Amino acid sequence: MSKAQQTTTAAAAAAAAGRRISQVVFIGLLLDILSFTIILPLLPRSLEAYKAREGSDPSTLLGSLLQQISLQRTRLQHGHGSASRFLQQGARADLVLLGGLLGSLYSLLQCIVAPFIGRAADRFGRRRTLMLCMAGNIVWTVIWIFAGSFETFLVARIIAGLSEGNVQLSNTIIADVTDTNTRSHGMALVGIAFAVGFTIGPSVGAYFARLPLESTGTSGNVFTYAPFATAALFSLALLLAESLYLYIRLPETLHFGRSQVSTSDSQKNDRSESKSTSQTPLRQPKSTRAHVQMVLRRLNLLHFAYLFFFSGMEYTLTFLTHDLFHFTNAQQGKLLGFIGISSTLLQGGWVRRIKGKSAHRDKSLVARGMVSCALGLLCIARCCVDGTKDSSPSWWLWAGALGFAVASATVVNCLNSMVSLVRASDASDEDTGRRLGNFRSAGQIGRALGP
């Protein structure tokens, strides 16, 4: 067999192995997102349940928090003279603000831990770090099941924020097993997993919420189980299945790019040096580390700015519909399901079919997604202006949801692809975990401040 034939055979084997690993990552991440999204439509009513039990007691953590939130809300009302309709909702507004604080806390913890997860993945391996994160996810879900008080529920959410590294590590693994031509398509699998998860997860959570596993403890004022413990039990089952699946099927990919993908890239370079250079403008052969750091800082800043605005809507949308239109769990699941289905169809039928050079394609999709997000925010604002309490949501709500679906299908996935491709000519691909970790950390700062 000639050298050219050996190179071709090795490249084909590497591509086939990369596709298999990408499929494993997709299935594992889908299970993880399903587990994560189950809680989204339940959070407003979970807080209401905890408030009914302990919110009136200022000696409890929840009672103290609600008291401080109410005090700040009252100051805002008096400070602005004519208070907004939202602030006039009183106790309902306090719960929305508390939900935003919980979302910000989760994102702040993610911001802190993401760089460490990325560096651990580069040092100890992707697979080992991912299994450690899975252990943390299982622990917080078990605590959620038995979260009979708000304090226990808060501890569970803190552990969740510190252990959720699946999305970041999935991007890193896909970056390991794809080349410059297939990177965007591989990253789109992460977006599709998100979209499908956000389609099914909230609906599953709403279904299991109809069968609450809760009872009164011996003290008479706390739950033996969480308000929606059946949903938490199902979430735990998904995480256990995911952990077993990844343990059996996922290989280590830390050195995959050096041992296999580089063979495919060298074949392309032998054909035409200029062609290889033009495939990814973000990786110029003469790129210096200083230039690469500048590009990465710009991408991190863009990620922060986008998620600052997007997450403010994302986390409070269910509270808005609950407060303005009194959406039930089923209606919340339907709205989130619409966003998820639309995003899935867009990624599978549009994003993955767009041809063109990787970097130029990603830049174009990021721009389109951000414009769609801005239009979606405007539609939601119009919906709030037109809507009145106890009224039915207008078509503006669904138009805004469609805009968010376009943004979900494009922006973050393409930015992840761009970050994974940016490196100096003398740098190794094995620092991908660090780059994607810093990128996720910047985005989580936006998520923390947005809600």
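Preceding this section is the structure that the text describes.
This section reports on the structure supplied with the text. If you're wondering where the values come from, they're calculated on a predicted model, not measured in any experiment.

Of regular secondary structure, the protein possesses 16 helices and zero strands. Looking at the protein as a whole, 55% of its 451 residues are labelled buried. Sequence separation of 24 or more characterises 82% of the internal contacts of the protein that already satisfy a separation of 6 or more. Of the roughly 19600 Å² of accessible surface on the protein, 63% is carried by carbon and sulfur atoms.

Where helix α5 (residues 126-145) contacts helix α6 (residues 150-163), the two axes come as close as 8 Å, and the packing angle between them is 170°. With respect to α6, the axis of α5 lies roughly antiparallel. Taken as a pair, α5 and α6 cross one another with a handedness that is left-handed. Along the contact surface, α5 presents C133, G136, N137, V139, W140, I143 and W144, while α6 presents T152, F153, A156, R157, I159, A160 and S163. Tallied by class, residues from the contact of α5 with α6 come to nine nonpolar, four polar and one charged.

Here the focus is the side chain of E164. Checked against the element boundaries, E164 lands in the loop between α6 and α7 (166-177). The charged side chain of E164 is buried without a salt bridge, its nearest counter-charge being R440 at 5.4 Å. In this structure E164 touches D32, Y106, Q110, I117, N137 and R440, once residues within four positions along its chain are discounted.

For helix α2 (residues 43-55), which comprises 13 residues, the first-to-last C-alpha distance of 16 Å sits more than 12% below the rise-based estimate of 18 Å (1.5 Å per residue). Listed as buried for α2 are L43, P44, S46, L47, A49, Y50, E54 and G55.

This part takes up the nonpolar core. The nonpolar side chains of soluble globular proteins are, as a tendency, buried together. Membership of the largest hydrophobic core comes to 67 residues, with the highest contact counts inside it found for L47, W144, F150, F153 and L250. Tallying contributions element by element places helix α1 (residues 3-37) first for this core, with nine residues. Each residue touching L47, except ones within four places of it in the same chain, is listed here: L95, L98, G99, L102, F150 and F319. With 35 residues, the next largest nonpolar core counts L296, L299, L397 and A409 among its residues.

Side chains bearing opposite charge may pair, as long as their charged atoms lie close to each other. The tally for this structure, following the rule as stated, stands at five salt bridges. Put simply, R126 and D122 hold a salt bridge, and the shortest N to O gap is 2.6 Å. When its relative accessible area of 1% is taken as the criterion, R126 is described as buried. Overall, D122 belongs to the buried group, its relative accessible area being 18%. For D431, the salt bridge is made with R435, and the minimal N-O distance between the two is 3.0 Å. Taking the relative accessible area as the measure of exposure, D431 reaches 18% and is therefore buried. A cluster of three or more residues bridged by salt bridges with shared partners is formed by D122, R126 and D176.

This part is about a nonpolar patch on the surface. A cluster of nonpolar residues, F308, F309, I445 and L449, forms a patch on the protein surface that exposes about 380 Å² of accessible area. Listed by contribution, the elements that provide at least two residues to the nonpolar patch are α12 (289-324) and α16 (432-449). Inspection of the secondary structure assignment puts F309 in helix α12.

What follows concerns helix α9 (residues 229-249). Look at α9: 30 Å from first C-alpha to last across 21 residues, which is about the 30 Å you get at 1.5 Å a residue. The complete set of buried residues in α9 reads A229, T230, A231, A232, S235, L236, L238, L239, E242, S243, Y245 and L246.

The next thing to look at is the packing of aromatic side chains. With the rule as written, the count across this model stands at 10 aromatic pairs. Geometrically, the ring pair formed by F308 and F309 is edge-to-face, given 5.2 Å between the ring centres and 85° between the ring planes. With a relative accessible area of 32%, F308 lands in the partly exposed category. Geometrically, the ring pair formed by W395 and W396 is stacked, given 4.3 Å between the ring centres and 25° between the ring planes. By relative accessible area, which is 58% here, W395 ends up exposed.

This paragraph deals with the packing of helix α8 (residues 183-208) against α9. Across the interface, α8 lies against α9 with an axial gap of 8 Å and an inter-helix angle of 135°. The orientation of α8 relative to α9 falls into the category oblique. Relative to α9, the crossing made by α8 is right-handed. Residues V204, G205 and F208 of α8 pack against T230, A231 and F234 of α9. Here the contact of α8 with α9 is built from residues that sort into four nonpolar, two polar and no charged.

Definitions and limits used
Residues numbered from 1 in each chain as written. Predicted model: local features only at pLDDT ≥ 70, side-chain atom pairs only at ≥ 80, totals over all residues. Heavy atoms only, no water. Helix = DSSP H or I, 4+ residues; strand = E, 2+ residues; numbered from the N terminus. Buried < 20%, exposed > 50% of the residue type's maximum accessible area, 1.4 Å probe, protein only. Contact = heavy atoms within 4.5 Å. Areas by Shrake-Rupley, 256 points an atom, 1.4 Å probe, with all protein chains shown as cover. Axes fitted to C-alpha atoms, helices over the stretch in contact; angles between N-to-C directions. Parallel < 35°, antiparallel > 145°, perpendicular 65-115°, else oblique. Left-handed = near helix turned anticlockwise from the far one by under 90°. Nonpolar A, V, L, I, M, F, W, Y, C, P; charged D, E, K, R; others polar. Lys, Arg positive; Asp, Glu negative; His and termini not counted. Salt bridge = Lys/Arg side-chain N within 4 Å of Asp/Glu carboxyl O. Expected span 1.5 Å × (residues − 1). Core = buried A, V, L, I, M, F, W, Y, C linked by side-chain atoms within 4.5 Å. Patch = residues over 30% accessible without salt bridge, like charges linked within 9 Å, V, L, I, M, F, W, Y side chains within 5 Å. Phe/Tyr/Trp six-rings, centres within 6.5 Å; stacked < 30°, edge-to-face > 60°.

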